Amino acid sequence: MAKYPLEPFKIKMVESIKMLSREQRIHKIKQAKYNLFNIIAEDIFIDLLTDSGTSAMSDSQWAGIMRGDESYAGSRSYLHFEESIKSIFGYENVIPTHQGRAAEALLFSTILKPGDHVPSNIHFDTTEGNIRNNGGIPVNCVIDEGLDPASTFSFKGNVDINKLQKLVDEVGLDKIPIAMITITNNSGGGQPVSLENIKQVYKYWKKHNVPFFIDACRYAENAYFIKLREKGYDNISVKDIAKEIFAHANGATMSAKKDGLVNIGGFITMKDSELAKQMISRLIITEGFRTYGGMSGRDLEAVAIGLQEGLNEDYLKYRIEQTAYLGESLLEQGIPIVQPPGGHAIYLDARSILPNISQEYFPAQALSVSLYIEGGIRSAEIGGLMFAYIDEKTGKTIYPELDLVRLAIPRRVYTRSHLDFVVQTVKKVMDNRHMLKGLRITYQPKLLRHFTVELEEIS
Ligand code: F0G
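These numbers were taken from a predicted model, which means no experiment stands behind them.

Definitions and cut-offs
- Residues numbered from 1 in each chain as written.
- Predicted model: local features only at pLDDT ≥ 70, side-chain atom pairs only at ≥ 80, totals over all residues.
- Heavy atoms only, no water.
- Near = heavy atom within 4 Å.
- Polar contact = N/O pair within 3.5 Å; in protein donor to acceptor, adjacent residues only side chain to side chain.
- Areas by Shrake-Rupley, 256 points an atom, 1.4 Å probe, with all protein chains shown as cover.
- Helix = DSSP H or I, 4+ residues; strand = E, 2+ residues; numbered from the N terminus.
- Phe/Tyr/Trp six-rings, centres within 6.5 Å; stacked < 30°, edge-to-face > 60°.
- Buried < 20%, exposed > 50% of the residue type's maximum accessible area, 1.4 Å probe, protein only.
- Axes fitted to C-alpha atoms, helices over the stretch in contact; angles between N-to-C directions.
- Parallel < 35°, antiparallel > 145°, perpendicular 65-115°, else oblique.
- Left-handed = near helix turned anticlockwise from the far one by under 90°.
- Contact = heavy atoms within 4.5 Å.
- Nonpolar A, V, L, I, M, F, W, Y, C, P; charged D, E, K, R; others polar.
- Salt bridge = Lys/Arg side-chain N within 4 Å of Asp/Glu carboxyl O.
- Core = buried A, V, L, I, M, F, W, Y, C linked by side-chain atoms within 4.5 Å.
- Domains from an automatic or database assignment.

**Q** I would appreciate a short explanation of the site of the ligand in the present structure.
**A** The local shell around the ligand holds 17 residues, among which Thr50, Asp215, Ser255, Lys258 and Arg406 are the closest. Between the ligand and the protein, one listed contact pairs a nitrogen atom with a side-chain N or O atom of Asp215 at 2.6 Å. Within the side chain of Arg218, an N or O atom sits 2.9 Å from an oxygen atom of the ligand. When the ligand is considered free in solution it has 470 Å² of accessible area, and contact with the protein chains removes 94% of it. Examining the composition of the shell around the ligand, we find that three residues originate from one element, helix H4 (residues 100–111), more than from any other.

Below, the structure written as structure tokens:
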């Protein structure tokens, strides 16, 4: 039996959840055009759509909310925010944004020209969207193990330097104005990147004079994995590991809604003050003044405190072990998941669960829909619906390497019984999988289609 960690907290406030009847759930999903983003949260029993902005804040963070300084310019809360970020990331310039994608939009609108390429291990969907929206081309260069759901390699988020070299040879350095890495690698199963790999990738780009930025949403979970798995780090504090990570990059974007343990907030931070100045000019037009950037003073205060709490090692032990518990319990039931369990989520391997539904009929979305019908559970499709695109040259649809269903675990929110219920529900769906039908798109927008897509079941 998988081991459940002891929670290093007790519960001070609760929020009710309720389960609709099966008939109601079937009605709701049809009404939602088979898109779980269209279901209202009250109609969900266990919401594993995302770990983003869904954390339970601590008593210290709530106290910080009351102390928030709402001054337009130079608020005390901004100074706390800046100080907290500098103590971890160590860069000179800190620019607040309302969330991660606003930081990405600032970065790419400042740096990219049409036709530029941006390599990473695997970009997240909003990062891809922001690159494409600025005329750029996202390129994923994760190691092959990172694309094999069954590989149990410890650092499946690592970048393959040979793939970087291949890209440089193909497009030339003048078409690569920035390079990135996502830690942990969300779209590849929440898998960590090793410090050794970060150092090598940084060295590679430094040699070529290409600025290297880290998408740092889940850097604390990544740093904890380094402590657990990488040789030489078991006696080093997670905060020191985090500092070492950021010492090997030129900057970082961050959605504080993940390892910052807040409901809203983000930032971009970097060494280069000239680049920061250009971004601040854009920030003032699009987000707000440079000392609040789309957040209220109280939100800045909650981020300042949450970032430090997110590095607490008792918390991280609980966090990573809770996710592993869900993964191991599913494996015990014979359910194929991306191995080993990631940091913030477990990813069901939809293509092996539903081999009878071909990629063009979105097996991962079909699985996700059935988890809602079976147990009121909301999950996220991370597969063809999210990532397939039409190749402009050939007109062909290019499908991603993996079709996954992500069960993302909000931080400090669900208990062991909730997770046990999730396991039972997935098992029931698995046992009846021959009954599941594929889906067909009836409406889609141009970018980030999974948020607003509409579907119908194929007969
Ligand atoms: N980068 C990564 C790796 C992410 O996972 C996300 C968000 C972002 C950037 C954008 O941050 O939402 O604050 O604008 N991921 C969420 C998720 C939405 O569900 O994984 P944001």
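Having put the structure on the table, let's press on.
**Q** Would you explain the packing of aromatic side chains in this entry?
**A** The geometry of an aromatic ring pair is captured by two quantities: the separation of the ring centres and the angle between the planes. Summed over all chains, the structure comprises 14 aromatic pairs. Ring geometry for Phe89 and Phe267: centres 5.3 Å apart, planes at 85°, overall edge-to-face. With Phe89 in helix H3 (residues 76–89) and Phe267 in strand E8 (residues 266–270), this pair connects stretches of sequence that are 178 residues apart. The same class applies to Phe89 and to Phe267, which are both buried. Taken together, the aromatic side chains of Tyr78, Phe81, Phe89, Tyr219, Phe246 and Phe267 make up a single cluster linked through ring pairs.

**Q** How should I be thinking about the packing of helix H12 (residues 313–332) against helix H16 (residues 416–431) in this particular structure?
**A** A packed helix pair is summarised by two numbers, namely the angle formed by the two axes and the spacing between the axes. It is at 10 Å that the axes of H12 and H16 come closest, and there the two elements cross at 30°. Here H16 runs roughly parallel to H12, going by the angle between their axes. Crossing of H12 against H16: the hand is right-handed. Packed against H12, whose contacting residues are Gln322, Tyr325, Leu326, Ser329 and Leu330, the element H16 presents Arg416, Leu419, Asp420, Val422, Val423 and Val426 at the interface. By residue class, the composition of the contact of H12 with H16 is seven nonpolar, two polar and two charged.

**Q** Explanation requested: the pattern of salt bridges in the structure shown.
**A** Between side chains of opposite charge, a pair can form when the charged atoms approach closely. Scanning all chains against the criterion turns up 26 salt bridges. Across the pair Glu244 and Lys199 runs a salt bridge whose closest N-O atoms are separated by 2.7 Å. Of the two residues, Glu244 is situated in helix H9 (residues 238–246) and Lys199 in helix H7 (residues 195–207); the sequence distance between them amounts to 45 residues. Glu244 gets classed as partly exposed once you look at its relative accessible area, which sits at 23%. What makes Lys199 partly exposed here is its relative accessible area of 28%. Across the salt bridge formed by Lys317 and Glu321, the nearest N and O atoms sit 3.0 Å from each other.

**Q** Where do I start with the nonpolar core in this structure?
**A** A general trend in soluble globular proteins is that nonpolar side chains are found buried together. Counting 108 residues, the largest nonpolar core has Phe89, Trp205, Tyr219, Ile245, Phe246, Leu330 and Leu348 as the members making the most contacts within it. When residues of this core are assigned to domains, at least three map to each of domain 1 (22–51 + 316–457) and domain 2 (59–309). Beyond its immediate chain neighbours, meaning those up to four positions away, Leu330 contacts Ile335, Ile337, Ile346, Leu348, Leu407, Val423 and Val426. Of all hydrophobic cores here, the second largest spans 18 residues; its members include Leu107, Ile268, Ala276 and Leu283.

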